[in-house]
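The residues making up each chain are set out below.
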Amino acid sequence: MTVYKPELLVTAANLDELKRFIEAGADAVIVGDARFGTRLAGEFELNQMAEAVQIANQYERPVRIYAAMNNLMDNASLEALPAYVAGLAHAGVAAVSFGDPAVLMAVRQHAPQVKLHWNAEMTSTNYETANFWGRRGATRVVAARELNMEQVIEMKQKCALEVQVQVHGMTNIYHSRRSLVQSYMEHQDKPIPAGDASQEANIYLMEAERPDERFPIYEDANGTHIMSSDDLCMLENLHELMEAGIDCFKIEGLLKPVDYNEAVIRAYRSAIDAYCSAPSQYRFQEEWLDAIQAKQDPQRELSYGFYYKEQVY
């Protein structure tokens, strides 16, 4: 009997990381251009997208390159959409992750061979809406990070699309199109050089009631993003998602060192391969988690996110 094997999807900041992560066990890598994608680990122009595809095609096993187009599209973005999605198709990108219908229409018209992954962030919460986008061409839904395990499983059971969930890394909890950090620092007469208002500056939001929790602030061309104070880690319970038939597991590598992300990918690769080789005999191995904890920031706890919470809104 053939056992399905879920896709292991990761983020990468550059071509070197992309290659390292594929060799660590990633099946797919999502990259993007800040004009159309947001919260990117790094910037990829079309020529680099094409190079990424060439690297992916060097491996004997299938490896796919996806483009992030999850930004909020304004009128000014629309003129460049046709040429950009056509360029993605020419580069060999397998799919785009989108939330705006303008992206879907541009892809269907100018790059019909490119698959569509519907990613509406926190609003992709039910199977009927996912099926609505499926009838319009989407082949995958990226489930909201706020869904619990029961809701994720029900979505998979009743959804005609592939289902993708995040299984590791920090999550976005707030987004503003304004550059809040830059504005604040300019008000303080301490302007931050462009590109430094995120990881490099080690900027965090801290609440008076919870002084031990730090919420990283990531600021890019698309505004200010406040990230979770802990890191999602579903490694120990990954078998529950595999038993449910979830199609894709995403590791979010944003604001993480490359060595950390590499260790995480290897751990999840080991768990997926062990389960798929013999589901009935699968046993979680502590050394998989130990490899992650050895590189985990001691100020950031590993958690199950919303997977085992009854109230999520």
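Relevant structure appears above.
First, a word on scope: everything that follows refers to the structure included in this document. (Residues numbered from 1 in each chain as written. Predicted model: local features only at pLDDT ≥ 70, side-chain atom pairs only at ≥ 80, totals over all residues. Heavy atoms only, no water.)

**What to know about the overall build of the protein chain**
Now for step 1: Counting its regular elements, the protein chain contains 11 helices and 14 strands.
Now for step 2: Here the protein chain, with 313 residues, has 52% of them falling under the buried criterion.
Now for step 3: Partitioning the contacts of the protein chain with sequence separation of at least 6, the portion at a separation of at least 24 is 67%.
Now for step 4: Working note: accessible area of the protein chain is about 15,100 Å², and carbon and sulfur atoms make up 48% of it. (Helix = DSSP H or I, 4+ residues; strand = E, 2+ residues; numbered from the N terminus. Buried < 20%, exposed > 50% of the residue type's maximum accessible area, 1.4 Å probe, protein only. Contact = heavy atoms within 4.5 Å. Areas by Shrake-Rupley, 256 points an atom, 1.4 Å probe, with all protein chains shown as cover.)

**With respect to the packing of helix H1 (residues 15-24) against helix H10 (residues 258-277)**
Now for step 1: Where H1 meets H10, the closest approach of the two axes is 8 Å, and the angle between their N-to-C directions is 25 degrees. The pairing of H1 with H10 is recorded here as roughly parallel in orientation. Between H1 and H10 the crossing geometry is right-handed. Taken together, the residues of H10 that come into contact with H1 (itself represented by Glu17, Arg20, Phe21, Glu23 and Ala24) are Val258, Asp259, Asn261, Glu262, Ile265, Arg266 and Arg269.
Now for step 2: In the contact of H1 with H10, the residues fall into 4 nonpolar, 1 polar and 7 charged. (Axes fitted to C-alpha atoms, helices over the stretch in contact; angles between N-to-C directions. Parallel < 35°, antiparallel > 145°, perpendicular 65-115°, else oblique. Left-handed = near helix turned anticlockwise from the far one by under 90°. Nonpolar A, V, L, I, M, F, W, Y, C, P; charged D, E, K, R; others polar.)

**Notes on the packing of helix H4 (residues 81-91) against helix H5 (residues 101-110)**
Now for step 1: Here H4 crosses H5 at 60 degrees, and the two axes come no closer than 9 Å. Considered as vectors, H4 and H5 are oriented oblique to each other. Note on packing geometry: the crossing formed by H4 with H5 is right-handed. Contact residues: H4 offers Leu81, Pro82, Val85 and Ala86, while H5 offers Ala102, Val103, Ala106, Val107 and His110.
Now for step 2: Considering only residue class, the contact of H4 with H5 consists of 8 nonpolar, 1 polar and no charged.

**Quick look at the nonpolar core**
Now for step 1: If you look at the biggest cluster of nonpolar residues, it comprises 81 residues, and the most contacted ones within it are Val165, Leu241, Phe249 and Tyr268.
Now for step 2: Those residues in contact with Val165 that lie beyond four places of it in its chain are Ala143, Val152, Leu241, Ile246, Cys248, Phe249, Lys250 and Tyr307.
Now for step 3: By size, the runner-up hydrophobic cluster in this structure holds 9 residues, among which are Leu9, Tyr66, Ala68 and Ala95. (Core = buried A, V, L, I, M, F, W, Y, C linked by side-chain atoms within 4.5 Å.)

**Digging into a negative patch on the surface**
Now for step 1: Where like charges cluster on the molecular surface, the negative patch consists of Glu236, Glu286, Glu287 and Asp290.
Now for step 2: Within the secondary structure, Asp290 sits in helix H11 (residues 286-293). (Patch = residues over 30% accessible without salt bridge, like charges linked within 9 Å, V, L, I, M, F, W, Y side chains within 5 Å. Salt bridge = Lys/Arg side-chain N within 4 Å of Asp/Glu carboxyl O. Lys, Arg positive; Asp, Glu negative; His and termini not counted. Charge placed at Lys NZ, Arg CZ, Asp CG, Glu CD.)

**Quick notes on helix H2 (residues 46-56)**
Now for step 1: Among the residues making up H2, those that are buried are Met49, Ala52, Val53, Ile55 and Ala56. In an axial view of H2, the angular spread of the buried residues amounts to 160 degrees, which keeps them on one side of the axis. When the buried face of H2 is taken as reference, the exposed residues oriented beyond 90 degrees from it are Asn47 and Gln54.
Now for step 2: If you follow the buried residues of H2, they end up packed against H1, strand E2 (28-32), strand E3 (64-69) and H4. (Arc of directions from axis to C-beta.)

**Observations concerning unusual backbone geometry**
Now for step 1: Of note in the backbone geometry, Arg39 takes a positive phi value of approximately 55 degrees without being a glycine.
Now for step 2: Following the sequence through the fold, Arg39 ends up in the loop between E2 and H2.
Now for step 3: Notably, Leu255 is not glycine yet its phi reads approximately 65 degrees, a positive angle.
Now for step 4: Inspection of the secondary structure puts Leu255 in the loop between strand E13 (248-251) and H10.

**Quick look at the side chain of Ser97**
Now for step 1: Looking at where Ser97 falls in the secondary structure, it is placed in strand E4 (residues 95-98).
Now for step 2: Within the local environment of Ser97, its side chain forms a polar contact with the side chain of Asn119, the two groups lying 3.4 Å apart. (Polar contact = N/O pair within 3.5 Å; in protein donor to acceptor, adjacent residues only side chain to side chain.)

**Regarding the pattern of salt bridges**
Now for step 1: Taken as a whole and judged by the stated rule, the model has 15 salt bridges.
Now for step 2: Salt-bridge contacts for Arg20 lead to Asp259; the nearest nitrogen and oxygen are separated by 2.9 Å. Within this pair, whereas Arg20 is found in helix H1, its partner Asp259 is found in helix H10, the two being separated by 239 residues in sequence.
Now for step 3: For the salt bridge of Asp33 with Arg35, the shortest nitrogen-to-oxygen distance reads 3.1 Å.
Now for step 4: Look at Asp33 and you get buried, because its relative accessible area is 7%.
Now for step 5: Looking at Arg35, the relative accessible area reads 47%, which means it is partly exposed.
Now for step 6: Salt bridges linked by common partners bring Lys5, Asp27, Arg61, Arg269 and Asp273 together as one network.

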